[in-house]
Amino acid sequence: MTHGTDAHTTAQDPAADAARRRDRFGALPERIRPQDTVETKPATVPDPARDTYNPDEWLIRYCG
């Protein structure tokens with residue numbers, strides 16, 4: 001069984017390969033500070049109706 005493409009069909013210049021690798025991987029990417037990677041915001045919008053005090057809540061919660 002033969003395949004239509006062969007990985008070793010052309011021999012390239014090792015110096016050209018090295019220059020291409022140096023251009024692509026020769027420098028590290030710019031550093032990102034940890035403070036720039038975190039965004040803080042409330043998980044939910046506070047609901048004023050939910051936070052009101054209900055004096056009979058304990059009856060519903062424990063006796064109902």
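Above this text you will find the structure in question.
Residues numbered from 1 in each chain as written. Predicted model: local features only at pLDDT ≥ 70, side-chain atom pairs only at ≥ 80, totals over all residues. Heavy atoms only, no water.

Trainee: Where do I start with the overall build of the protein chain in this structure?
Mentor: For the protein chain, the helix and strand inventory stands at two helices and zero strands. Put simply, the protein chain has 64 residues, and 0% of those count as buried. Surface summary for the protein chain: the accessible area is close to 7,200 Å², and the carbon and sulfur share equals 55%. (Helix = DSSP H or I, 4+ residues; strand = E, 2+ residues; numbered from the N terminus. Buried < 20%, exposed > 50% of the residue type's maximum accessible area, 1.4 Å probe, protein only. Areas by Shrake-Rupley, 256 points an atom, 1.4 Å probe, with all protein chains shown as cover.)

Trainee: In this structure, what is going on with the pattern of salt bridges? I would like to understand it.
Mentor: Oppositely charged side chains may form a pair once their charged atoms are brought near each other. A full pass over the atoms with the stated rule returns two salt bridges. With its nearest N and O atoms 3.2 Å apart, the salt bridge here joins Asp17 to Arg20. With Asp17 and Arg20 both in helix 1 (residues 14-25), this residue pair falls three residues apart, about one helical turn. Put simply, Asp36 and Arg33 hold a salt bridge, and the shortest N to O gap is 3.1 Å. (Salt bridge = Lys/Arg side-chain N within 4 Å of Asp/Glu carboxyl O.)

Trainee: It is not clear to me how a nonpolar patch on the surface should be interpreted in this structure. Could you clarify?
Mentor: On the surface, Trp58, Leu59, Ile60 and Tyr62 cluster together into a nonpolar patch covering about 510 Å² of accessible area. A relative accessible area of 62% places Ile60 in the exposed class. (Patch = residues over 30% accessible without salt bridge, like charges linked within 9 Å, V, L, I, M, F, W, Y side chains within 5 Å.)

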